[in-house]
Amino acid sequence: MLLEVKNLTIPTLDQKCVILNKVSFEVKEGSIHAIIGPNGSGKSTLAYTIMGLDNYKPSEGKIYFDGIDITPMKITERANLGITLAWQEPARIDGLSIPRYISLGIKDKANMKEEIIGALKIVNLEPERFMNRIIDEFLSGGERKRVELAAAVAMKPRLIILDEPDSGLDMIVIEDFMNIFNKIKELDMTILLITHREDIGMVADYGTLLWRGDALITDEFPKVMLRYCAKAGLKEFCKRTLFKNGGFCVDEDYIDRIFREEGQS
Amino acid sequence: MSNVEYPREILESLEDYNIDIRDFLPGHGKGAKLLLDFNKIRGMEDVDGVILKGREIENGIIADVIIKEGTKIEEPVHLCFGVNKETGIQEIFPRIIAEDNTDATVQAHCSFPKANGLIHKMFGHFYIGKNCNFTYSETHYHGENSGALVAPVGYVYVGENSVFENTFYLTRGTPGKVKIMIDIYAMKNSVIKSNIKAFGKCKNDSVRIRDSVFLEGENARSVIKMKAVAKDGGEVLMFGITEGNAPRCNGHVECSEIVLGKGSICRARPFIRAIDPTSSVSHEASLGRFPQKWLDELQAKGLTEEEATQILIEAMLQEER
Ligand SMILES: Nc1ncnc2c1ncn2[C@@H]1O[C@H](COP(=O)(O)OP(=O)(O)OP(=O)(O)O)[C@@H](O)[C@H]1O
Ligand SMILES: [Mg+2]
């Protein structure tokens, strides 16, 4: 297992309630593992905790990366072990050029330019257009997210956490994103993919469903998605879109059973 | 005048800004130029449509730059004020005139790599005529000893329908004691853009800048942007003034400053005043440290907190391109 999250509890800053409640799951090396759940279920919190941000210290539980207990480690140490995060809303650090920004995490200083161009290509930004640009207000939101992704990929991490890489992007680029994920996977990176879009999640091998701070189930992605739909009472949606035409191989009886288990008709 | 003798220390002193002064020397590049070594004129070259005159006076020079009516020059006029001594007084009196319908850039490089008690003063007068596009940019390097005292004063008149752009960079090396005052008077339909960036690095650095724009003509517009970092006891004070004194004029002042390390002081005083009811003037000031999220984002790329801070300073003080 590349990542093991055990019994992880994250309290709010004032310690009055918990955002994550004894969350446990595992991520297999080389897989795309989706974290799904509705708004406010704790997905970003989980990402920040794995990355090691200061305000997200567990009151209980541990995180292991490749067998090493990283719970006490600082963010920089974790990054140097091979973990990185592409933020849901990356900051606009005005003034840095795009290549400079992407170069920050590149270790192979000798081939810097090739590495930067390679990273831009992976996220489908044409190097001719973006090598000379600056991160400023003229960069569109979607472009900024791609630059963020490029910077994360350029680090060649072992685990890349993508917090809603699809947010702020239109439908047309969704397919583009599938293709990007596959390219990243080919580079031997394990992806922890946070999303609440079922179509994006389709690329995932496995998934974990977060529900109000609880990790309800970790399994093959379709089963996790089905549980999510059942929790949310989205039976018609579920049958119509997700499991139609054997896209996911489950029969109607199975779907009905899961919905009954969740107290939905 | 192709092989001017000029101290290597000065020629190379702006390398961190990606500027090689050699590119601007007499015999190089196509632009008009005036090269000063302490108080001696070492080289002067003019081009069609640009009159350049320099006269040595007791502690410095009087320099006249006139861009003649209708002239559009692509290469900037280069003024290099270098001093390769530790002490002394250099006083510059530039008189810069851009006649109507001109398009020009004047670039001044002020470099004092060995300064240790050196005084540089400037009293500049700028007259920009009608329908001009004029850029004045000044890049400073004051060595590593916090040993300069630099006090430039500038008065700028910007005529109707003209665009005046001013940039001032003092972001490499140690500033020492710096006091800058610029007053810009903007006539009808003119546009003023002023960008100032400074970095105070230690307790012997104190940078005080007062940048004032008076919107005197109808529909005149201005944006002042001041950015500074004060580190390890350095002090930076930025005073951005804009007055809207004419119908439908519009001005904005922005000061952002970052304070790092013990004893550093940043102060920003945007001062705005509108006396015409149809004018609008606004300001925005922020002081403090870099947002934690920015630091986190960079640290997630493997940088330490110090490295991340360094990158953020670099981004903030980046010369505009
Ligand atoms: N510092 C905090 N103090 C109190 N509550 C917090 C704090 N940080 C997060 N929360 C709450 O914890 C919950 C989980 O937030 P989180 O950002 O992790 O959700 P999410 O699953 O990423 O949601 P979204 O899909 O909207 O991005 C939310 O209800 C949020 O308001
Ligand atoms: Mg989120």
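Rules of the game
- Residues numbered from 1 in each chain as written.
- Chains lettered and ligands numbered in written order.
- Predicted model: local features only at pLDDT ≥ 70, side-chain atom pairs only at ≥ 80, totals over all residues.
- Heavy atoms only, no water.
- Donors = N, O, S within 2.8 Å, 3.2 Å for Na, K, Ca; no water.
- Helix = DSSP H or I, 4+ residues; strand = E, 2+ residues; numbered from the N terminus.
- Buried < 20%, exposed > 50% of the residue type's maximum accessible area, 1.4 Å probe, protein only.
- Core = buried A, V, L, I, M, F, W, Y, C linked by side-chain atoms within 4.5 Å.
- Contact = heavy atoms within 4.5 Å.
- Near = heavy atom within 4 Å.
- Polar contact = N/O pair within 3.5 Å; in protein donor to acceptor, adjacent residues only side chain to side chain.
- Areas by Shrake-Rupley, 256 points an atom, 1.4 Å probe, with all protein chains shown as cover.
- Nonpolar A, V, L, I, M, F, W, Y, C, P; charged D, E, K, R; others polar.

(A) Representation of the coordination of the magnesium ion (ligand 2) within the structure. All names here are of chain A. Every protein donor of the magnesium ion (ligand 2) is listed here as Ser 44 (OG) and Gln 88 (OE1), and their distances to the metal cover 2.0 to 2.3 Å. Of this pair, Ser 44 sits in helix H1 (residues 43-51) while Gln 88 is found in the loop between strand S6 (83-86) and helix H3 (98-103), placing the two residues 44 residues apart along the sequence. On the basis of relative accessible area, Ser 44 is assigned to the buried category, the value being 18%. The exposure class of Gln 88 is partly exposed, given its relative accessible area of 22%.

(B) How the structure looks around the nonpolar core. Within the largest apolar cluster, 73 residues are counted, with the highest numbers of intra-cluster contacts made by Tyr 101, Ile 102, Phe 181 and Ile 184 of chain A together with Leu 298 of chain B. Apart from the residues within four sequence positions on either side, Phe 181 of chain A is in contact with Ile 32, Leu 162, Pro 165, Ile 191, Leu 193, Ile 200 and Val 203 of chain A. Counting 62 residues, the second-largest nonpolar core is a separate cluster that includes Phe 38, Val 50, Ala 104 and Val 158 of chain B.

(C) Representation of the site of ligand 1 in the model. Residue and element names in this part refer to chain A. Residues in contact with ligand 1 amount to 13 residues; listed here are only the nearest, Asn 39, Gly 40, Lys 43, Ser 44 and Thr 45. The separation between an oxygen atom of ligand 1 and a polar side-chain atom of Lys 43 is 2.7 Å. Within the side chain of Glu 164, one N or O atom sits 3.3 Å away from an oxygen atom of ligand 1. In isolation ligand 1 offers 640 Å² of accessible surface; the protein chains occlude 61% of this area. The biggest single contributor to the shell around ligand 1 is H1, with three residues. Counted by class, the shell around ligand 1 contains two nonpolar, nine polar and two charged residues.

(D) The arrangement of the environment of Asn 7 of chain A in detail. All names here are of chain A. Relative to the helices and strands, Asn 7 resides in strand S1 (residues 3-11). Since its relative accessible area comes to 34%, Asn 7 is described here as partly exposed. In sequence terms Asn 7 and Phe 25 are 18 residues apart; their C-alpha atoms lie 8.7 Å from each other. Those residues in contact with Asn 7 that sit more than four places away from it in its chain are Lys 22, Val 23, Ser 24, Glu 60 and Gly 61.

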